[in-house]
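Listed below are the residues making up each chain.
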2 protein chains.
Amino acid sequence: MKKSSSSYNDAAPAQTRGAVTMATVGRMAGVSQVTVSRALSDPTKVSPDTLRRIRDAIEATGFVPNAIAGALASRKSQLITALVPSITNIVYSSLLHGFSDLIREHGYQMMVSETGFDPQQETDMIATHLARRPDGMLLTGIHHSPAARRMLIGAAIPVVEIWDITETPIDRCVGFSHAQIGLASADYALAQGHRHAATITACDARAQRRRDGFVRRFAAETGADIRAIDFPPGTATLGHGRQAMAQLLDQGFRGLVYCSSDQCAHGALIEARARGLDVPGDIAVIGFGDQDFAEHTLPPLTTVKVDRDAMGKAAATALLGRIGGQNDAPTTIDVGFQIVTRGSA
Amino acid sequence: MKKSSSSYNDAAPAQTRGAVTMATVGRMAGVSQVTVSRALSDPTKVSPDTLRRIRDAIEATGFVPNAIAGALASRKSQLITALVPSITNIVYSSLLHGFSDLIREHGYQMMVSETGFDPQQETDMIATHLARRPDGMLLTGIHHSPAARRMLIGAAIPVVEIWDITETPIDRCVGFSHAQIGLASADYALAQGHRHAATITACDARAQRRRDGFVRRFAAETGADIRAIDFPPGTATLGHGRQAMAQLLDQGFRGLVYCSSDQCAHGALIEARARGLDVPGDIAVIGFGDQDFAEHTLPPLTTVKVDRDAMGKAAATALLGRIGGQNDAPTTIDVGFQIVTRGSA
DNA sequence: CTGTTAGCGCGTTCAT
DNA sequence: ATGAACGCGCTAACAG
C-alpha cells in the first residue's frame, strides 16, 4: 500500500472543475453554441471551415458533450435499462450480452440492475430506472407487481419482457414456454423408456414451472410418484447438484433425474460417476440451458437449448422497433426451444 | 404470434405523453414546485400537513421524479459506470455483483459496458460513459490508451482500476499481481516434485502475465522447455481446455499443466480422465479463479483463489470514499491471492 | 416553513 | 450557413 498522492482531483466535486461546454468550444472557434451543437449532430449543416475550427477547439479543450443536458432538452436519453434476476448467472448475462451489443450499434447504452428474483425489489428498481427516463426497458419474466405495471404503463415507454411468454405482455414479449419444456422433456424421457424419475430444482418460479410440466406429464403416463429436491434460494451450483444427487442415491434411487440447470445436472453427473454408476444405464440426467460445457461432460449432457444470444437480439430488435415508432410488429415472439440429445439420457 | 394491439402507447414518443412534473404535483397539493422538491429530498423540511398533501398528489398522479433534470441541476448524476472485458465471464460479473450491491446501498446506480479486451473500444466507451457525467468510474486493468487517461484526468472524477495492480494508478487501484500468481504457482508445482510442465492460456494479457511468471520460475528451476498452447481470442471454455489437453496428450506429454482459468482446467481434467490417465499421477492440473465448481471436479481442482466479491466491494468502498471527498485512503490496495490445494496437483 | 429567482448545458424553433 | 431566444425539470441560493 502507498499513501495517497494529493495530485489528483483533491476535493474537487465531480463536474465542477473546468466545465467545458459547447459555449466554451464555440467561443474558441468563433461561433455560437448552437453551431457547435449542429457540428456534432450533423456536420453537413456547418461549413467545412467552421467545422474544422470547431473540431480543433474540441480537441484543444478535450470537450465531452454533456449527455444529461442533451437528454433533458431532447427528451431522449439514449438509455435502455434492463432488469435481470442475477447478473452472475450465465443464462442472463449472455442474454444481456446479445441485447446490449445490438442496442449499442444503434446508439443506446444499457443500465442493468439485479432483482434477485424478488418482486418487491423489482418494483423498486423499476421506479429508480424510470427516474432516468430510459427510452426503453427490458424486463425478465412476465409477472410483475400491480404497482410495477402501473408505473410502466404510466411511463408509456417501450417495454420488452423476455425469458417467458404470454399473450398479454405489457408491451412486447420475446420468450418461450417453460411448461412446454417440462412436457417435452417428460415425453423424451418416456420415449427413452424411463419409468422412474426425480427432479432437482432451483428456487426460481420459472424453473418450477418446467419441473411441474415434467412431473405432470411423466406422472400421468407412468403413475409413478416423483421425488423432488428443491434448492433453497441462492444460485444453483454444480456443488448443489452433486449434493442433491448424493441424497437421491443414498435413498436408493435409480432412474432419470430432471435438473433445472446444466450446472446442477453436471454436478449430478459427477456424483453418479464418482460412485461408479453407469450413466445413462443406472442414472440418466437431463439438464437445461445447453451451456458450452454440456457437450464435454462425461457423458455429454442431454439438455434443452434456448438460443439466448438470439433472444437477446430479438428483444433488442423489438425494442428498437418500438422506439422507432413501429407498431405493426407482433406483440409476442416465441423463440422456442430444442431438446439436445446427447449421452446422459 | 399475435398481431400488435394498438392500445399501448401508439406512436407516443417516450417522455412526451403526460409529463407529470413537480410543478404538476405542487399545483395539485396547493404548493409551489420547490416545496415538492424539498418534500422528496428532506421531508423534515416540510410541514406534516403539506407533506401529506404532496404525497397524496404524487400517489394520484403516479409522479416519478426526473433524475435527468436533477442531475443537471445538482451536477450529481448518482451514476457510476463500469467497464469490463466481458460480462458473460463469471470472473467479471461476480466482481460487478459485489460492486453494484454496495454502491446501490449508497444511492448510486451502475451502467456497464463491455470492452471485449480491446483498448480502442475501451477508449471509445470511456468517452460515451463520460458524456453521462458519472460520479465515478470503474475500470478493469491498469493499461489504458493515452487518450483514455487524458479524458479520465480531464473529467476529474474518482476512478478505480481493478483486477490488476500498480503503484501509479489513475486514481485508485484495487487488485493483485498476476505475475506473482504465476511465480507462486510454479513454486507450488516445483514443491510437489514436478519437472515437466505445459501451459494452456487464454487470449488475455493478464492471463499471459500469469503464464509468463509461471514459465520464468519453472524454467529457471528445471531448465525444462515448457510447451505452451495459446487460445485465439474468444472465451476460454471447458471445451477448449479439453481440446488443448487432447493435443498435449497426443504429443505424449506427461506432467503438470498450468491453465489460465478453471474452465479450461476442468476441460483438461475431463480429457485426461476420459483417457484413463491418473490425475495427478500422470497429469496434474492447476487452474485459476476458484470457481464454485472447482471443489467438485474429479479430482477436485487445485487452483488460485482471488476473492472477487470482496474485491468488488473494496473497489466500491474506495470509490465511494473518493466521491465523499476522502483523500487520505491508500491509493493502492493489494487484495492478494491464495493457492487452494486440492487433488488435481 | 415556504416562495422567488437563477441557472445547469443542451436541443429546438424561428429568424436572418 | 449561422444566431438569438426559449425551455427541458430540477436544485441551489436567498428572502421572507
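Residues numbered from 1 in each chain as written. Chains lettered and ligands numbered in written order. Predicted model: local features only at pLDDT ≥ 70, side-chain atom pairs only at ≥ 80, totals over all residues.

Novice: Got a minute to help me understand the overall build of chain A in this structure?
Specialist: Check the secondary structure of chain A and you find 12 helices and 12 strands. Its C-alpha atoms give chain A a radius of gyration of 26 Å, clearly above 20 Å, the size a compact globule of 345 residues would have. Projected onto its principal axes, the C-alpha positions of chain A cover 85 × 60 × 35 Å. In chain A, buried positions account for 47% of the 345 residues. Pairs at least 24 residues apart make up 69% of the contacts formed inside chain A by residues separated by at least 6 positions. (Helix = DSSP H or I, 4+ residues; strand = E, 2+ residues; numbered from the N terminus. Rg over C-alpha atoms; globule rule 2.2 N^0.38 Å. Buried ≥ 20, exposed ≤ 12 C-beta atoms within 10 Å, placed from the backbone. Contact = placed C-beta atoms within 7 Å.)

Novice: What's the story with the environment of B:Arg132 in this structure? I'm lost.
Specialist: Residues and elements named next belong to chain B. Here Arg-132 shows up in the loop between helix H6 (119–131) and strand S3 (136–140). When the 24 C-beta atoms within 10 Å are taken as the criterion, Arg-132 is described as buried. When the C-alpha atoms of Arg-132 and Leu-238 are compared, they prove to be 38 Å apart, with 106 residues separating the residues in sequence.

Novice: Looking at this structure, I do not really get the packing of helix H10 (residues 238–250) of chain A against helix H11 (residues 262–274) of chain A. What am I missing?
Specialist: Packed helix pairs are specified by the crossing angle of their axes together with the interaxial distance, meaning the distance between the axes. Residue and element names in this part refer to chain A. With their axes 6 Å apart at the nearest point, H10 and H11 run at an angle of 50° to one another. Compared by their axis directions, H10 and H11 come out oblique. Considering only the axes of H10 and H11, their crossing is right-handed. Judged by residue contacts, Leu-238, Gly-239, His-240, Gly-241, Arg-242, Ala-244, Met-245, Ala-246 and Leu-249 of H10 engage Gln-263, Cys-264, Ala-265, His-266, Gly-267, Ala-268, Ile-270, Glu-271 and Ala-272 from H11. For the contact of H10 with H11, the residue count by class is 10 nonpolar, 6 polar and 2 charged. (Axes fitted to C-alpha atoms, helices over the stretch in contact; angles between N-to-C directions. Parallel < 35°, antiparallel > 145°, perpendicular 65-115°, else oblique. Left-handed = near helix turned anticlockwise from the far one by under 90°. Nonpolar A, V, L, I, M, F, W, Y, C, P; charged D, E, K, R; others polar.)

Novice: So what exactly am I meant to see when it comes to the protein's contact with DNA strand D here?
Specialist: Residue and element names in this part refer to chain B. In the vicinity of DNA strand D, 24 residues are found, and the nearest of them are Thr-21, Met-22, Ser-37, Ala-69 and Ala-73. The leading source of residues in the surface near DNA strand D is helix H4 (residues 67–74), at 5 residues. Partitioned by chemical class, the residues of the surface near DNA strand D number 12 nonpolar, 11 polar and 1 charged. (Near = placed C-beta within 6 Å.)

Novice: Would you mind showing me how to read the sheet that holds strand S9 (residues 283–286) of chain A here?
Specialist: Sheet strands pair via backbone hydrogen bonds, and the direction of the pair is either parallel or antiparallel. Residues and elements named next belong to chain A. In space, the 4 strands of this open sheet follow the order S7-S6-S8-S9, with parallel pairing throughout. Unpaired on one side and paired on the other, strand S7 (227–230) and S9 mark the two borders of the sheet. Taken pair by pair, the neighbouring strands of this sheet meet at an average axis angle of 20°, ignoring direction. With 4 bridges connecting them, strand S6 (residues 197–201) and S7 associate as parallel partners. Residue pairing for S7: Ala-198 is matched across the bridge by Arg-227. Sheet contacts for helix H9 (residues 205–222): S6 and strand S8 (255–259); angle to S6, the most-contacted strand, approximately 170°. Most of the contacts of H11 go to S9, to which it runs at about 165°, and overall it touches S6, S8 and S9. (Pairing = 2+ DSSP bridges.)

Novice: Even after reading the chapter, I still don't get the protein's contact with DNA strand C, so can you show me in this structure?
Specialist: If you check the shell around DNA strand C, you find 26 residues, and the closest are A:Thr21, A:Met22, A:Ser37, A:Ala69 and A:Ala73. Elements with a minimum of two residues in the surface near DNA strand C: helix H1 (22–29), helix H2 (33–41) and helix H4 (67–74) of chain A together with helix H2 (33–41) and H4 of chain B. Per-element tally for the surface near DNA strand C: the top contributor is H4(A), with 5 residues.

Novice: Just to check I follow, could you spell out the nonpolar core for this structure?
Specialist: If you look at soluble globular proteins, the nonpolar side chains tend to sit buried side by side. If you look at the biggest cluster of nonpolar residues, it comprises 82 residues, and the most contacted ones within it are A:Leu138, A:Ala315, B:Leu138 and B:Ala315. The contact partners of A:Ala315, leaving out residues within four places of it in the chain, are A:Phe99, A:Leu138, A:Val160, A:Ile162 and A:Val174. (Core = buried A, V, L, I, M, F, W, Y, C linked by C-beta atoms within 7 Å.)

Novice: So what exactly am I meant to see when it comes to helix H12 (residues 308–323) of chain B here?
Specialist: Think of an α-helix as turning once every 3.6 residues; residues three or four places apart then point the same way. All names here are of chain B. Helix length check: H12 (16 residues) gives 22 Å between terminal C-alpha atoms against 22 Å at 1.5 Å per residue, within 8%. Among all positions in H12, only Arg-308, Met-311, Gly-312, Ala-314, Ala-315, Ala-316, Thr-317, Ala-318, Leu-319, Leu-320 and Arg-322 are buried. In the core, the buried residues of H12 are packed alongside strand S1 (79–84), helix H5 (90–105), S3, strand S4 (159–162), strand S5 (172–175) and strand S11 (332–334). (Expected span 1.5 Å × (residues − 1).)

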